[in-house]
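Read off the chains here:
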Amino acid sequence: MGRLSTTDKLADKNQFNTQKKTTTTMEPILSATTLQLRPHHHHPHSLSSSSLSTLKLTTPRSLRQKLSSPVSPLRVSANSQAAPASTEAKSTYSVPSQMKAWVYGEYGSVDVLKFDSSVSVPPVKDDQVLVKVAAAALNPVDFKRRLGKFKATDSPLPTVPGYDVAGVVVKVGSQVKSLKEGDEVYGNINEKALEGPKQFGSFAEYTAVEEKLLALKPKNLDFAQAAGLPLAIQTAYEGLERAGFSDGKSILVLGGAGGVGSLVIQLAKHVFGASRVAATSSTGKLAVLKSLGADLAIDYTKENFEDLPDKYDVVYDTVGQGDKAVKVVKEGGSVVVLTGAVIPPGFRFVVTANGAVLEKLNPSLESGKVKPVVDSKGPFPFAKVVEAFSYIETNRATGKVVIHPIP
């Protein structure tokens, strides 16, 4: 059932190699752990030989060192990356024809996820680059997609999941203008989250991405930290922009310790110049809210935010409490709704990925004004993608659930 079973369907797509298929299933290990805000420095992680002996890099030694090292980004001189004469993407890196990836061939629970060691490396279009993936991150859209929540607009199965990526450019298309081989980049690989997301996602050794969706990785962040940012920070930023949030305004963030909420707090306070930031979370995460910049941390297990006297210019609802959110917004204010019912003046939107947004926010990340929040249960190694999916579906993560290293 979860295997890539329809070989003629795959052959028609000319994208997945179905020979020599190896699948590995993992047992979920969801033991209790203390959630904490990760310090802002590099944590090397590696797969032990006992965790998954079959996962071995076929990447050149120089690139392996680059992906595992916290040193400053390698830069190739600008004149060394002229556009190729032909439309075929060129590379000075040794890129294999097949790669390791997580794949599902049908919609369903985490049981449909299978490890495959012989997936074809995706082709690179003229406006794309091929990224050697160092880290990836999970978002709620990943498991909703796997469950078939938007199958009508999804790309054809089988699917390599994953939206967020951080890694190294190893091949460039003929129309790529700025990025070059060796650049350390990060981004959300799907411009429209729900409309034809890529069949080859980031839970693989390689993924092909349009140049316009990527930005250079902030110099002070490691790959795991950078991978957790793109979709969440783009969602946080676009929601604030659409709500007309600006200097001197107040905001209430529902679900302030989550992947998007933790970044809404920081952007509102440190980038947009909020006069007051309030946020909700469970008891154990109140300190996280304060550390991110919240002036008021509300324990939703002990008090109802809608019963408090304060009103806000903007309410940013990441958890689906739109009916309550509208009770605490000022007249003329806005309610940003990511999930659940939308009640005026609430509005919903689906983020549009754009590397330019990441470039705009890079200075705030490099200065430390805005910090990535990686859940303390991770990063999850590539062998434990099933466990990572199971964990994010509990809705208990603080910040982002990250996969690192890959593979």
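Everything quoted here is computed from the prediction, not taken from an experiment.

Enquirer: Describe in detail unusual backbone geometry, supporting the description with residues and values.
Expert: Omega for the bond connecting Pro-344 with Pro-345 falls within 30 degrees of zero, at 5°, which places this linkage in the cis form. In this structure, Pro-345 sits in the loop between β12 (329-337) and β13 (346-348). Non-glycine residue Asn-395 carries a positive phi angle of around 60°. Following the sequence through the fold, Asn-395 ends up in the loop between α10 (385-392) and β14 (401-403).

Enquirer: Any details on the pattern of salt bridges? Residues and values, ideally.
Expert: The final tally for this structure, using the stated rule, is 12 salt bridges. Salt-bridge contacts for Lys-180 lead to Asp-183; the nearest nitrogen and oxygen are separated by 3.5 Å. On the basis of relative accessible area, Lys-180 is assigned to the buried category, the value being 13%. Judged by its relative accessible area of 1%, Asp-183 falls in the buried class. Between Lys-324 and Glu-306 there is a salt bridge; the shortest N-O distance is 3.9 Å. Of the two residues, Lys-324 is situated in helix α8 (residues 322-325) and Glu-306 in the loop between β10 (296-299) and β11 (312-317); the sequence distance between them amounts to 18 residues.

Enquirer: So, the pairing of strand β8 (residues 250-254): which residues are in play, and what are the values?
Expert: Successive residues of a regular strand alternate their side chains across the two faces of the sheet. Among the 5 residues in β8, 5 count as buried, and that is most of the element. Of the two faces of β8, both are covered, the one formed by Ser-250, Leu-252 and Leu-254 as well as the one formed by Ile-251 and Val-253. Pairing of β8 with strand β9 (residues 276-281) involves 4 bridges; the strand directions are parallel. Note that in β9 the partner of Val-253 across the bridge is Ala-279.

Enquirer: If you had to explain the sheet that holds β10 to someone new, which residues and values would you point to?
Expert: With respect to topology, 6 strands assemble into an open sheet ordered β10-β9-β8-β11-β12-β13, the strand pairing being parallel. What marks the edges here is a single partner per strand, and that holds for β10 and β13. Sheet twist, expressed as the average angle between the axes of neighbouring strands with direction ignored, equals 20°. Across the face of the sheet, helix α5 (residues 230-242) comes into contact with β8, β11, β12 and β13 while running at roughly 145° to β11. On top of the sheet, helix α6 (residues 261-271) reaches β8, β9 and β11; it is set at about 170° to β8, its chief contact.

Enquirer: Can you tell me about the nonpolar core, naming the residues and giving the values?
Expert: Ile-233, Ile-251 and Leu-267 are the most contacted members of the largest nonpolar core, which has 66 residues in total. Among the elements that make up this core, the one with the highest residue count is α5 (6 residues). Residues contacting Ile-251, with those up to four places away along its chain left out, are Leu-240, Phe-245, Val-264, Ala-268, Arg-276, Val-277, Ala-278, Tyr-312, Val-314 and Tyr-316. Leu-138, Leu-157, Ala-397 and Val-401 belong to the second largest nonpolar core, which has 37 residues in total.

Enquirer: Describe the packing of aromatic side chains, with residues and values.
Expert: Counted according to the given criterion, the structure contains 8 aromatic pairs. Ring centres of Trp-102 and Phe-382 lie 6.5 Å apart, and the angle between their planes is 80°; this geometry places the pair in the edge-to-face category. Of this pair, Trp-102 sits in strand β1 (residues 98-103) while Phe-382 is found in the loop between α9 (355-366) and α10, placing the two residues 280 residues apart along the sequence. The two residues Trp-102 and Phe-382 agree in class, both being buried.

Enquirer: Give a description of α10 that names residues and reports values.
Expert: Within α10, 8 of the 8 residues are buried, leaving the element largely enclosed by the surrounding structure. The set of residues buried in α10 consists of Val-385, Val-386, Glu-387, Ala-388, Phe-389, Ser-390, Tyr-391 and Ile-392. The secondary structure elements touched by the buried residues of α10 are β1, β3 (128-138), α3 (140-146) and β14.

Enquirer: Tell me about α9, residues and numbers included.
Expert: Look at α9: 16 Å from first C-alpha to last across 12 residues, which is about the 16 Å you get at 1.5 Å a residue. Of the residues making up α9, those classed as buried are Gly-355, Val-357, Leu-358, Leu-361, Asn-362, Ser-364 and Leu-365. The elements touched by buried residues of α9 are β5 (184-188), β7 (214-216), α5 and α6. You can read the cap of α9 off the contacts: a side-chain oxygen lies 2.9 Å from the backbone nitrogen of Ala-356, and it is on Asn-354.

Enquirer: Tell me about the packing of α5 against α6, and please be specific about residues and values.
Expert: Contact geometry of α5 with α6 gives a least axis separation of 9 Å together with a crossing angle of 50°. Relative to α6, the element α5 is oriented oblique. Seen from above, α5 lies across α6 with right-handed handedness. Contacts from Ala-232, Ile-233, Ala-236, Tyr-237 and Leu-240 in α5 reach Leu-263, Val-264, Leu-267 and Ala-268 in α6. Of the residues that constitute the contact of α5 with α6, the class distribution is 9 nonpolar, no polar and no charged.

Criteria and thresholds
- Residues numbered from 1 in each chain as written.
- Predicted model: local features only at pLDDT ≥ 70, side-chain atom pairs only at ≥ 80, totals over all residues.
- Heavy atoms only, no water.
- Helix = DSSP H or I, 4+ residues; strand = E, 2+ residues; numbered from the N terminus.
- Salt bridge = Lys/Arg side-chain N within 4 Å of Asp/Glu carboxyl O.
- Buried < 20%, exposed > 50% of the residue type's maximum accessible area, 1.4 Å probe, protein only.
- Pairing = 2+ DSSP bridges.
- Axes fitted to C-alpha atoms, helices over the stretch in contact; angles between N-to-C directions.
- Contact = heavy atoms within 4.5 Å.
- Core = buried A, V, L, I, M, F, W, Y, C linked by side-chain atoms within 4.5 Å.
- Phe/Tyr/Trp six-rings, centres within 6.5 Å; stacked < 30°, edge-to-face > 60°.
- Expected span 1.5 Å × (residues − 1).
- Polar contact = N/O pair within 3.5 Å; in protein donor to acceptor, adjacent residues only side chain to side chain.
- Parallel < 35°, antiparallel > 145°, perpendicular 65-115°, else oblique.
- Left-handed = near helix turned anticlockwise from the far one by under 90°.
- Nonpolar A, V, L, I, M, F, W, Y, C, P; charged D, E, K, R; others polar.

Any functional reading would require information that these geometric values do not contain.
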